[in-house]
Amino acid sequence: MKKILILLFASYTLYSCSSPAGTKDAAGSFNLDSVKAAIEANNKVFAASIKNGDSLAMIGTYTTDGCLMPSNTPKMCGVKGISEFYTWTRQMGAGDLVFQVLEVTGGKELVSEEGTYDVLGKDGKSMEKGKYIVTWKQENGVWKKYRDIWNSDAPPPPMPPAKK
């Protein structure tokens with residue numbers, strides 16, 4: 001009996017790894033585990049694009065109507081806005097990103113990812129840590145970032161002195 005369970009688990013694992021990421025399971029229904037795998041793969045491409053200086057790869061992780069909502073800056077949308085953010089990220093000295101996906105929820109139309117991030121400088125030292133939420137949707141059958149918002153865990157700057 002134990003061998004049968006091991007074989008069934010191994011078969012399921014092999015099948016789920018070979019099915020198209022973020023699409024449907026064998027019965028044609030939505031499969032959140034597949035979407036989570038697609039999100040994790042997208043996050044690896046995103047991090048590698050920062051590390052390797054590949055702006056096209058970074059932009060390609062977003063939908064064409066995707067928007068970024070960084071702390072303390074206006075909303076940045078579409079290829080132009082995402083490109084501007086990419087340039088700024090490289091200029092500030094980011095060398096790598098580490099993501100930890102904490103939770104993925106949603107359905108076939110939209111999926112939400114919650115996680116933490118660590119921006120590493122080119123020297124490998126942490127520059128900023130924080131948390132994020134990304135809304136994902138499919139574009140041409142591929143799960144991509146649609147709305148991306150994050151904020152730092154760093155304490156806010158001190159309040160300016162009160163004017164008398």
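This text goes with the structure placed above it.
**Student:** Would you explain helix α2 (residues 32-52) in this entry?
**Tutor:** Along an α-helix, residues three or four apart share an orientation, since each turn contains 3.6 residues. An ideal rise of 1.5 Å per residue puts 30 Å on 21 residues; α2 measures up with 30 Å between its terminal C-alpha atoms. A side-chain oxygen of the first residue of α2 lies 3.0 Å from the backbone nitrogen of D33; this N-cap is N31. A positive phi of about 70° marks G53, the residue just after α2.

**Student:** What should I look at first to understand the nonpolar core in this one?
**Tutor:** Across soluble globular proteins, you tend to see nonpolar side chains buried next to one another. Membership of the largest hydrophobic core comes to 26 residues, with the highest contact counts inside it found for L68 and V111. Put simply, the parts of the chain that give this core at least two residues each are α2, α3 (55-59), β1 (62-69), α4 (78-91), β3 (94-106), β4 (111-121), β5 (126-139) and β6 (142-152). Counting residues per element, this core draws most heavily on α2, at six residues. Among residues more than four places away in sequence, those in contact with L68 are Y62, K75, M76, I82, F85, D148 and W150.

**Student:** Can you help me understand the packing of α2 against α4 in this one?
**Tutor:** In helix packing, the relevant descriptors are the interaxial angle and the interaxial distance, both defined with respect to the helix axes. Orientation of α2 relative to α4, taken along the N-to-C sense of each, is 55°, at an axis distance of 10 Å. For the element pair α2 / α4, the angle class is oblique. For the crossing formed where α2 meets α4, the hand is right-handed. Here α2 contributes S49, I50 and K51 to the contact with α4, which in turn contributes Y86, T89 and R90. Looking at the contact of α2 with α4 residue by residue, the class counts come to two nonpolar, two polar and two charged.

Calculation rules
Residues numbered from 1 in each chain as written. Predicted model: local features only at pLDDT ≥ 70, side-chain atom pairs only at ≥ 80, totals over all residues. Heavy atoms only, no water. Helix = DSSP H or I, 4+ residues; strand = E, 2+ residues; numbered from the N terminus. Expected span 1.5 Å × (residues − 1). Polar contact = N/O pair within 3.5 Å; in protein donor to acceptor, adjacent residues only side chain to side chain. Core = buried A, V, L, I, M, F, W, Y, C linked by side-chain atoms within 4.5 Å. Buried < 20%, exposed > 50% of the residue type's maximum accessible area, 1.4 Å probe, protein only. Contact = heavy atoms within 4.5 Å. Axes fitted to C-alpha atoms, helices over the stretch in contact; angles between N-to-C directions. Parallel < 35°, antiparallel > 145°, perpendicular 65-115°, else oblique. Left-handed = near helix turned anticlockwise from the far one by under 90°. Nonpolar A, V, L, I, M, F, W, Y, C, P; charged D, E, K, R; others polar.

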